[in-house]
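Single-letter residue listing:
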Amino acid sequence: MNYQFIRNLRGIPEAQFEMGHEAFSRWFSEELGTNKDKIMEIFSAIDSLEKRQIKEYRSTGLEFDLQMDFDEVEVRSKDLDMQGPDELPEGTELYDQESVSGCGLEDFKQVLNSWCDFVSGK
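So, here is what we can say about the structure in this document. (Residues numbered from 1 in each chain as written. Predicted model: local features only at pLDDT ≥ 70, side-chain atom pairs only at ≥ 80, totals over all residues. Heavy atoms only, no water.)

**What to know about the pairing of strand β3 (residues 56-60)**
Here comes step 1: Residues Tyr57 and Ser59 of β3 are buried on one face, while the alternating residues Glu56, Arg58 and Thr60, pointing to the opposite face, are not.
Here comes step 2: Here β3 pairs with strand β4 (residues 64-69) via five bridges, running antiparallel. By the bridge assignment for β4, Tyr57 is matched with Met68. (Buried < 20%, exposed > 50% of the residue type's maximum accessible area, 1.4 Å probe, protein only. Helix = DSSP H or I, 4+ residues; strand = E, 2+ residues; numbered from the N terminus. Pairing = 2+ DSSP bridges.)

Below, the structure is given as structure tokens:
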């Protein structure tokens, strides 16, 4: 999973993830941002998962939800839960690549560490 962190023209941290992981871009940039309490809460949840003290962790955001278990992490847009038209023309496929992303718990922990360092100026 390739990514980079930048600061936009206003100096606000932004995450940019490669194709297939675009939902992480929005989740890190918009849902997590520089909220140190939220970052520490997620680190604590990862620690509890690794110690098998909890089976899963869920965090509800404004536009994206985070779900973690022992093995994997998923970020999912709330738009995917909305009801669409009941019938679509045959062969129609809905594009949702920017709406859901997943990775292993260890990979996510490494990215979260990097994000934490970036937003705190390390």
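**A word on the packing of aromatic side chains**
Here comes step 1: Taken as a whole and assessed by the stated rule, the structure comprises 13 aromatic pairs.
Here comes step 2: Judged by centre distance (5.1 Å) and plane angle (35 degrees), the rings of Tyr3 and Phe5 are tilted.
Here comes step 3: Taking the relative accessible area as the measure of exposure, Tyr3 reaches 31% and is therefore partly exposed.
Here comes step 4: With relative accessibility at 16%, the residue Phe5 sits in the buried group.
Here comes step 5: The interplanar angle of 55 degrees and the centroid separation of 6.5 Å between the aromatic rings of Phe24 and Phe28 together place this pair among those described as tilted. In this pair, Phe24 and Phe28 are both assigned in helix α1 (residues 22-32), four residues apart and thus about one turn of the helix distant.
Here comes step 6: Note on Phe24: relative accessible area 1%, which makes it buried. (Phe/Tyr/Trp six-rings, centres within 6.5 Å; stacked < 30°, edge-to-face > 60°.)

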